[in-house]
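Now for the letters of each chain:
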Amino acid sequence: MMQDFLDSNITYLSGVGPKRAELLNSELNISTFRDLLYYFPYRYVDRTRFYKIAELDPDLPFVQVKGYIRGYSTEGFGSGKRLVAEFYDETGAMKLVWFKGIKWITASYTTGIEYIVFGKPGVFNGVVNIIHPEIEASEKASQRINSALQAQYNTTEKLKAQFITSKTISKLTGNLLKQIKFRIPETLPAYIVSGYHLMELHEALHKIHFPGNVQEMEKSRYRFRFEELFYIELNLLRYKTYRNQKNKGFVFSSVGENFYNFYYNNLPFSLTGAQKKVMKEIRKDLGSGRQMNRLLQGDVGSGKTLVALMSMLIAVDNGYQACLMAPTEILAMQHYQTISKMLEGISLKVSLLTGSSKKSARESVDKALQDGSLNILIGTHALIEENVRFLNLGLVIIDEQHRFGVAQRARLWEKSSNPPHVLVMTATPIPRTLAMTLYGDLDVSVIDELPPGRVPVKTMHYLDSERNKVFGFLRSQIALGRQIFVVYPLIKESEKMDYKDLEDGWDTISRVFPAPKYCISIVHGKMTPADKESSMRLFREGYAHILVATTVIEVGVDIPNATVMVIESAERFGLSQLHQLRGRVGRGADQSYCILMSADKLTREASKRLEVMVRSSDGFEIAEMDLQLRGPGDLEGTQQSGIPFDLRIASLAKDGQVIEYVRGIAEKILDGDPQLDEPQNAILRTELKRLFSQKQSWSSIS
Ligand code: ADP
Ligand code: MG
């Protein structure tokens, strides 16, 4: 019954009519009382602090000022037309400005009454102003629920235009809390609330909106951060337990002929310690009788391809087929070439299947897949098409996983009666605590060591105005017999402009490095696969000195003689992407260089990013910085993560410690009560169901 109350439609709250309800619903997703209570403030303003008008300047954040309206006037014309109130206190005067709702404002606020005005100060024509301030009579303000820290809520332009401001939301929430005459039932078991010193839900829901002081505010917010992350981790771990019970993995009991043949006769170098460690982890999974779901993280150049190949050989030795899926045709082709070469002299059938495979090739692949004569299939998205059927697919390897959506991966899953083992490889290191959440139900292996003899890449940052210096350097590298990548950003939203940049860049470079002395090749997304491949070949085989490209070369391309990576408009790339690109060089024994070219003027964030690149070559440190600078929302792959809703309050970037803490707690609970059958855990089941039930389809594979 009390639960029913919280589920009431928001229209039943006084102060909310059908029109407001509709807006709250469409703009903020608030449709019930509970939704409103869980619409948390994004920050708090110290309402005990008042500024004098003489103290205001546009560098201040939100401020509140007490004073009087002297009178109104209108300024400007057309869409610039605005209502201006002169507002004064004993230290001076400022302007309050409205572009909308003029009639309502002049009717509501008059001279002779003391108001509290709240907003972000700006300046126009040398006069301080606040545009669309919140405004309230001082007397009324003193009657509100008393809270020194006033909650601020995010609203939208559309809401503001209808006068649903942060203050309105605060009022509605206050009204609702006053109406709640019962104790809001807990959503965490009592032993957790008391055991981990959390504020009880009832109190926390009050204090998060109306904290009496900073401690109360922090304690209430912590309770919700804890709870949000706890349920996410509990859900992931429970899913993992469930999957392990349900899916019997194929047992690859032995390591056989092909593996040993490769290992002793074909392997051109010895494995690094990290590669050995990871192979051990994988072999253990494959022999365990459980289905493997493993994420393999390893910096660019750490030798993941080899791990993939050896894992596939184990599958083959046990009578199964294996496939390796790459995000681009170039990469698939390169994997195919590398792997075919590594398997020279070993009689296995390896084929390539991509979107541009000819019909006849496709048919023979299909046939060989189904009669079992094909052992290893390498390809792109084409592998997940309906008509590709395997006789007995035992292992799926997904390279550079962040380019594949979960749904796509799930389709691969369906290609076998029993789910195949899955190894997901990524070269984008993910901070540990983020991985716990994004890939919380996967086991994680890390290759944290590069093959020996690598010389670290030197990274430098140059401005556009220093371009001639850079060209001089490139000439000297070419004279030494080295090859050069020049990469241009390609961002979907500004594709046309980017191609223009690419073309201009190509023109300049062709002029500075003229034929026949120099040979330049180009690769970009608008070329046919055949043209791309022939350009790549020109470069790979050493004829072309310079490869001009868009980011298609970002992942995987392996050309040891290329020692210089020039990244144009580097400020437009994210850190992880820059790191990926840099990984294309430094693969041979020679000193390699990464040159970041940027505009002369940079934002602070951009120059920080470039600084990090110059300073660090550690993929995990860079990933951590990326997370701090940009937040996890921008990280590739976040959308396909295991989190089926937007986080209300916790932050994957900032709450790493909490994530680790609650994951430990969730593990302990599931160890003692895997099905959550015990009475004290009944709440956990109810909440999991409420939070995740309709949203669970993401998870069959990742
Ligand atoms: P990535 O992890 O980026 O996919 P690759 O698998 O492409 O890295 O390996 C990068 C390069 O390092 C390749 O040329 C590969 O042959 C070489 N390599 C891999 N493992 C070793 C090793 N143990 N010793 C020496 N070189 C290795
Ligand atoms: Mg690779």
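See the structure above.
Residues numbered from 1 in each chain as written. Chains lettered and ligands numbered in written order. Predicted model: local features only at pLDDT ≥ 70, side-chain atom pairs only at ≥ 80, totals over all residues. Heavy atoms only, no water.

### Topic: the overall build of the protein chain
1) Next: Each helix and strand counted, the protein chain has 25 helices and 22 strands in total.
2) Next: The principal-axis extent of the C-alpha atoms belonging to the protein chain is close to 95 × 70 × 45 Å.
3) Next: Accessible surface for the protein chain amounts to roughly 31,900 Å². Of this, 51% is attributable to carbon and sulfur atoms. (Helix = DSSP H or I, 4+ residues; strand = E, 2+ residues; numbered from the N terminus. Areas by Shrake-Rupley, 256 points an atom, 1.4 Å probe, with all protein chains shown as cover.)

### A closer look at the pairing of strand β13 (residues 376–379)
1) Next: Of the two faces of β13, the one holding I376 and I378 and the one holding L377 and G379 are both buried throughout.
2) Next: In terms of strand pairing, strand β11 (residues 321–325) meets β13 through four bridges, oriented parallel. Along β13, the bridge assignment pairs M325 with G379.
3) Next: Here strand β12 (residues 350–353) runs beside β13; their pairing, made up of four bridges, is parallel. Looking across to β13, one finds that L352 is bridged to I378.
4) Next: Crossover β12 to β13 through helix α15 (residues 359–371) is right-handed. (Buried < 20%, exposed > 50% of the residue type's maximum accessible area, 1.4 Å probe, protein only. Pairing = 2+ DSSP bridges. Right-handed = clockwise from strand over helix to strand, strands pointing away.)

### Quick word on the environment of K19
1) Next: Tracing the backbone through its elements, the reader meets K19 in helix α2 (residues 18–28).
2) Next: K19 sits in the exposed class, given a relative accessible area of 59%.
3) Next: Each C-alpha atom of the pair K19 and Q162 lies 9.8 Å from the other, and the pair is 143 residues apart in sequence.
4) Next: Polar side-chain contacts of K19 include one of 3.4 Å to the side chain of Q162. (Polar contact = N/O pair within 3.5 Å; in protein donor to acceptor, adjacent residues only side chain to side chain.)

### Thoughts on the packing of aromatic side chains
1) Next: Within this structure, the stated rule accounts for 28 aromatic pairs.
2) Next: Ring geometry for Y196 versus Y661: centroids 5.9 Å apart, planes at 90 degrees, classification edge-to-face. A residue pair is termed long-range when its members are at least 10 positions apart, and Y196 in the loop between α8 (190–195) and α9 (201–207) and Y661 in helix α24 (residues 656–672) qualify at 465 residues.
3) Next: Classification of Y196 by relative accessible area gives partly exposed; the value is 21%.
4) Next: The ring of F224 is capped by R223, whose NZ or CZ atom sits 6.0 Å from the centre of that ring. (Phe/Tyr/Trp six-rings, centres within 6.5 Å; stacked < 30°, edge-to-face > 60°. Lys NZ or Arg CZ within 6 Å of the ring centre and 35° of its normal.)

### Things to note about the pairing of strand β6 (residues 121–124)
1) Next: As defined by bridge partners, β6 adjoins strand β7 (residues 127–131) across four bridges and the pair is classed as antiparallel. In the strand pairing of β7, P121 is matched with I130.
2) Next: Here β6 folds back onto β7, and the loop between the two strands holds two residues, one of which, N125, carries a positive phi near 50 degrees.

### Things to note about the packing of helix α14 (residues 329–342) against helix α20 (residues 529–540)
1) Next: Where α14 contacts α20, the two axes come as close as 11 Å, and the packing angle between them is 55 degrees. Comparing the axis directions of α14 and α20 gives the class oblique. Crossing of α14 against α20: the hand is right-handed. The residues of α20 that touch α14, namely those facing E329, I330, M333 and Q337, are P529, K532, E533, M536 and R540. (Axes fitted to C-alpha atoms, helices over the stretch in contact; angles between N-to-C directions. Parallel < 35°, antiparallel > 145°, perpendicular 65-115°, else oblique. Left-handed = near helix turned anticlockwise from the far one by under 90°. Contact = heavy atoms within 4.5 Å.)

### Notes on the sheet that holds strand β18 (residues 483–487)
Hydrogen bonds between backbone groups are what pair the strands of a sheet, and the pairing can be parallel or antiparallel.
1) Next: In spatial order, the strands read β17-β22-β21-β18-β20-β19; together these six strands make up an open sheet with parallel pairing. Only two strands of the sheet have a single neighbouring strand rather than two, namely β17 (458–463) and β19 (520–523). On average, adjacent strands in this sheet sit at an angle of 20 degrees to one another, irrespective of strand direction.
2) Next: Across four bridges, the pairing between β18 and strand β20 (residues 546–549) is parallel. Bridge pairing in β20 places I484 opposite I546.
3) Next: Here α20 sits on the sheet and contacts β18, β19, β20 and β21 (562–567); the angle it forms with β19, its principal contact strand, is near 140 degrees.

### Structural notes on the site of ligand 1
1) Next: Residues in close proximity to ligand 1 total 17 residues, the closest being Q275, G301, K304, T305 and R454.
2) Next: Contacts to ligand 1 include G303, whose backbone N or O atom sits 3.1 Å from an oxygen atom.
3) Next: With respect to ligand 1, the side chain of T305 contributes an N or O atom lying 2.7 Å from an oxygen atom.
4) Next: Calculation on ligand 1 without its partners gives an accessible area of 570 Å², and the protein chains cover 84% of this total. (Near = heavy atom within 4 Å.)

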